[in-house]
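Each chain, written out:
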Amino acid sequence: MSQPKSRSAGIVRNTTETQIELKLDLDGTGAFDIDLPAKAGAPFWKHMLEQWAKHGRFDLAIKATGDVEIDGHHLIEDLGIALGLALREAVGDKRGIARYGFFIAPMDEVLMLCAVDFCGRAYLKLDWNLGQERVGEFDVALAREFLIALANNAQINLHLKEFSGGNAHHTIEAGMKAMAKAMRAALTVSGTELPTTKGVL
């Protein structure tokens, strides 16, 4: 009996601005080991990545540094690029996956919907109102930059819609948790067929 193909990926991304090593296993248990700088809001994003791994049951290991003495922009955006590339590689030929997934996550006053399609086309629709500029030292505008980079490099349609909002920490965290759950549903394998009538995805 043949062993199932491993749905994992390793990405190394080194630029003049950031240095990232990332490992992802789609069929994990939610284990994470994330090492980011302790400044420029990166600890908050570490917390968000841990939530994504745990609630999606994805094993995720990251070691990353960057020019956070400037600000967190390059690091957070490049983490989105690296995770997107890892998702795209780990998913492979997409045979047997559900392809679509959605989840509605409540977090106190926030109610967030995420829907995702692993279709091979990049698109982000982000409908939320963060209502504040920072969560601690984290610039909340960088959450959008991360999601744009993720969707573009994973080549997925990604929609996040806030039905009720409030605290920006809750909004972003509910979004990451909903995205994790939606991706877990979309990546569930239930057969061997390609989930499209076009013959290519």
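Residues numbered from 1 in each chain as written. Predicted model: local features only at pLDDT ≥ 70, side-chain atom pairs only at ≥ 80, totals over all residues. Heavy atoms only, no water.

(A) Representation of the pairing of strand 10 (residues 157–164). Bridge analysis of strand 6 (residues 110–117) against strand 10 gives seven bridges, and the strand direction is antiparallel. Within strand 10, the residue paired with Leu-111 across the bridge is Ser-164. Alignment of strand 7 (residues 123–127) against strand 10, held across five bridges, turns out to be parallel. Along strand 10, the bridge assignment pairs Asp-127 with Lys-161. (Pairing = 2+ DSSP bridges. Helix = DSSP H or I, 4+ residues; strand = E, 2+ residues; numbered from the N terminus.)

(B) Geometry of the packing of helix 3 (residues 141–154) against helix 4 (residues 168–186). It is the contact of helix 3 with helix 4, at a shortest axis distance of 12 Å, that shows an interaxial angle of 15°. Here helix 3 is positioned roughly parallel relative to helix 4, judged by the angle of their axes. Remark: the crossing between helix 3 and helix 4 carries left-handed chirality. The segment helix 3 lies against helix 4, with Ala-143, Phe-146, Leu-147 and Leu-150 engaging Ile-172, Met-176, Met-179 and Met-183. (Axes fitted to C-alpha atoms, helices over the stretch in contact; angles between N-to-C directions. Parallel < 35°, antiparallel > 145°, perpendicular 65-115°, else oblique. Left-handed = near helix turned anticlockwise from the far one by under 90°. Contact = heavy atoms within 4.5 Å.)

(C) A look at helix 2 (residues 73–91). Compared with the 27 Å implied by 1.5 Å per residue over 19 residues, the 27 Å span of helix 2 between its first and last C-alpha is a close match. Remark: Gly-92 follows helix 2 within two positions and exhibits a positive phi of approximately 70°. (Expected span 1.5 Å × (residues − 1).)

(D) The sheet that holds strand 6, seen in detail. Taken in spatial order, the four strands line up as 5-6-10-7 in an open sheet, and their pairing is mixed. If you trace the sheet from one side to the other, it starts and ends with strand 5 (100–107) and strand 7, each paired once. Pairwise comparison of adjacent strand axes, ignoring direction, gives a mean angle of 10° for this sheet. Those strands touched by helix 3 are strand 7 and strand 10, and its axis lies near 155° from that of strand 7. Strands in contact with helix 4 are strand 5, strand 6 and strand 10; relative to strand 5, the strand with the most contacts, it is inclined by about 150°.

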